[in-house]
Amino acid sequence: MAIRVVVAGAKGRTGSHIVQGVLAHADMELVGGVDPQGVGEVLGSGVRVTSPNELGNLLKEAKPQVLVDFTNAAAAVENVKIAAQQNVKLVVGTTGFSAEQFKELETAITGHVSAIISPNFSIGVNVFWNLIAEAARQLHTYQYHMEVIELHHAHKKDAPSGTALKAAELLAAYLPAADRRFVYGRQGMTGERTQEEIGIHAIRAGEIVGEHTVLYAGNGERLEITHRAQSRDAFALGALTAIAWIHGKAECRIFSMAEMLRELEVA
Ligand SMILES: NC(=O)c1ccc[n+]([C@@H]2O[C@H](COP(=O)([O-])OP(=O)(O)OC[C@H]3O[C@@H](n4cnc5c(N)ncnc54)[C@H](O)[C@@H]3O)[C@@H](O)[C@H]2O)c1
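Rules behind the numbers
Residues numbered from 1 in each chain as written. Predicted model: local features only at pLDDT ≥ 70, side-chain atom pairs only at ≥ 80, totals over all residues. Buried ≥ 20, exposed ≤ 12 C-beta atoms within 10 Å, placed from the backbone. Helix = DSSP H or I, 4+ residues; strand = E, 2+ residues; numbered from the N terminus. Pairing = 2+ DSSP bridges. Right-handed = clockwise from strand over helix to strand, strands pointing away. Axes fitted to C-alpha atoms, helices over the stretch in contact; angles between N-to-C directions. Contact = placed C-beta atoms within 7 Å. Core = buried A, V, L, I, M, F, W, Y, C linked by C-beta atoms within 7 Å. Domains from an automatic or database assignment. Near = placed C-beta within 6 Å. Nonpolar A, V, L, I, M, F, W, Y, C, P; charged D, E, K, R; others polar.

### Focus: the pairing of strand E1 (residues 3-8)
Here is step 1 of the chain: For E1, the tally of buried residues reaches 5 of 6 residues, placing the bulk of the element in the interior.
Here is step 2 of the chain: Here E1 runs beside strand E2 (residues 28-34); their pairing, made up of 6 bridges, is parallel. Across the sheet, Val 6 pairs through a bridge with Gly 32, a residue of E2.
Here is step 3 of the chain: For the crossover that starts at E1, traverses helix H1 (residues 15-24) and ends in the parallel E2, the hand is right-handed.

### A short note on the sheet that holds strand E10 (residues 197-204)
Here is step 1 of the chain: Pairing within the open sheet is mixed, and its 5 strands lie in the order E9-E10-E8-E11-E12. The outermost strands of the open sheet, each flanked by one partner alone, are strand E9 (181-184) and strand E12 (221-229). Taking the axes of each pair of neighbouring strands and ignoring which way they run, one obtains an average angle of 20 degrees across the sheet.
Here is step 2 of the chain: Pairing of strand E8 (residues 145-152) with strand E11 (residues 210-218) involves 7 bridges; the strand directions are antiparallel. For Ile 149, the partnering residue across the bridge sits in E11 and is Thr 213.
Here is step 3 of the chain: Strands E8, E11 and E12 of the sheet are contacted by helix H5 (residues 123-139), whose axis makes an angle of about 165 degrees with E12.

### Looking at the environment of Leu 170
Here is step 1 of the chain: Counting through the fold element by element, Leu 170 comes out in helix H6 (residues 162-172).
Here is step 2 of the chain: Along the sequence, Leu 170 and Asn 130 sit 40 residues apart, while their C-alpha atoms lie 8.8 Å from each other.
Here is step 3 of the chain: The residues touching Leu 170, leaving out its near neighbours within four places in the chain, are Trp 129, Ile 132, Ala 133 and Ala 136.

### Here's the deal with the sheet that holds strand E6 (residues 89-92)
Here is step 1 of the chain: Reading across from one edge, E3-E4-E2-E1-E5-E6-E7-E13 is the order of the 8 strands in this open sheet, with mixed pairing throughout. Across the chains shown, the open sheet's two edge strands, defined by having one partner strand only, are strand E3 (42-44) and strand E13 (254-255).
Here is step 2 of the chain: Direction of pairing for E6 relative to strand E7 (residues 115-117): parallel, over a ladder of 3 bridges. Bridging across to E7, Leu 90 finds its partner in Ala 115.
Here is step 3 of the chain: With respect to the sheet, helix H7 (residues 233-247) is in contact with E1, E2, strand E5 (66-69), E6, E7 and E13, its orientation differing from that of E6 by roughly 155 degrees.

### Some remarks on unusual backbone geometry
Here is step 1 of the chain: A cis geometry characterises the amide bond from Ala 159 onward to Pro 160, with omega recorded as -10 degrees.
Here is step 2 of the chain: You can see Pro 160 is positioned in the loop between E8 and H6.
Here is step 3 of the chain: Not every positive phi belongs to a glycine, and Lys 63 is a case in point at roughly 45 degrees.
Here is step 4 of the chain: Within the secondary structure layout, Lys 63 lies in the loop between helix H2 (55-62) and E5.
Here is step 5 of the chain: You can call Lys 63 partly exposed: it has 13 C-beta atoms within 10 Å.
Here is step 6 of the chain: The backbone of Asn 87 shows a phi angle near 55 degrees, a positive value even though the residue is not glycine.
Here is step 7 of the chain: With respect to the helices and strands, the residue Asn 87 is situated in the loop between helix H3 (73-85) and E6.

### Description of the nonpolar core
Here is step 1 of the chain: In terms of nonpolar packing, the biggest core is built from 53 residues, with Val 5, Val 68, Val 80, Val 91, Ala 239 and Ile 243 touching the most fellow members.
Here is step 2 of the chain: The biggest single contributor to this core is H7, with 9 residues.
Here is step 3 of the chain: Core analysis: the second largest hydrophobic core is formed by 17 residues, Phe 128, Ala 164, Ile 198 and Ile 200 among them.

### Focus on the domain arrangement of the protein
Here is step 1 of the chain: Assigned domains within the protein: domain 1 (3-113 + 232-266) and domain 2 (123-229).
Here is step 2 of the chain: Look at where the C-alpha atoms of domain 1 and domain 2 centre, and you get two points 29 Å apart.
Here is step 3 of the chain: The interface is formed by 9 residues belonging to domain 1 together with 9 residues belonging to domain 2.
Here is step 4 of the chain: With 3 residues, the single largest contributor to the side of domain 1 that touches domain 2 is helix H8 (residues 257-266).

### A word on the site of the ligand
Here is step 1 of the chain: Around the ligand sit 27 residues, and of these Gly 9, Gly 12, Thr 14, Ala 75 and Gly 93 come closest.
Here is step 2 of the chain: Of the residues that constitute the shell around the ligand, the class distribution is 9 nonpolar, 14 polar and 4 charged.

What follows is the structure in structure tokens.
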């Protein structure tokens, strides 16, 4: 039986790729698309765009097994609450959650439904996170300075990106907890850089899909690890894998993409 999927943010830059991916997938069926833009437009196979106000009714009528959310932080929190109440499993790619909003997601999900949440669903970025953590583990002993640089299109609403923040957190694990701090861009008389800071820099320009670099600078050398997303298909592919994977989970909690990839690697 095909997995019944609703996509929230169906008309968005990333959501529309996921809609196409679900429509093309032999083992998935698109049973709804939600977006305040293009309400009533046909997405494919008779499925029309539904207004966010109607999400609760849509879930009752279309009975999806998985809701995918690529919207914005405030919208995602509401969508997750509604879906979790109706036991619809979740794949959440939305970024920019405040600590309070993330707590709301945890409360809505834990003990109620299975969910996978990742600030980046590309397989390459998940490998990038492993590589940058390993490089930090090896280089921090030698006092290398570590900086994160991310580039995105002009329309992106949150900065720094969720992917860059996760990268910075992975690096920070190798700095003394009491002294480490994130510095967002630099301006004016900043004084010398300290060993314990991690600079995070967000560039917004044109239609860049998404690039992340971690730079490690030591005496007389510099190492850079870079991931470049060239098409949103990279996110859609990972999200489709996540739909199938979370559909098979019974445990009601938030899973990470790393857990999924580890399990699929072993399988
Ligand atoms: N995890 C990942 O791999 C990944 C990849 C790309 C983007 N993102 C994140 O996904 C989110 C969307 O990014 P984008 O570039 O596609 O943005 P976008 O602005 O192109 O798309 C968002 C869509 O959500 C719609 N929307 C707003 N409120 C809604 C609601 N209540 N219900 C349903 N739809 C609603 C908007 O109308 C829009 O069409 C952002 O948070 C972005 O950072 C994550």
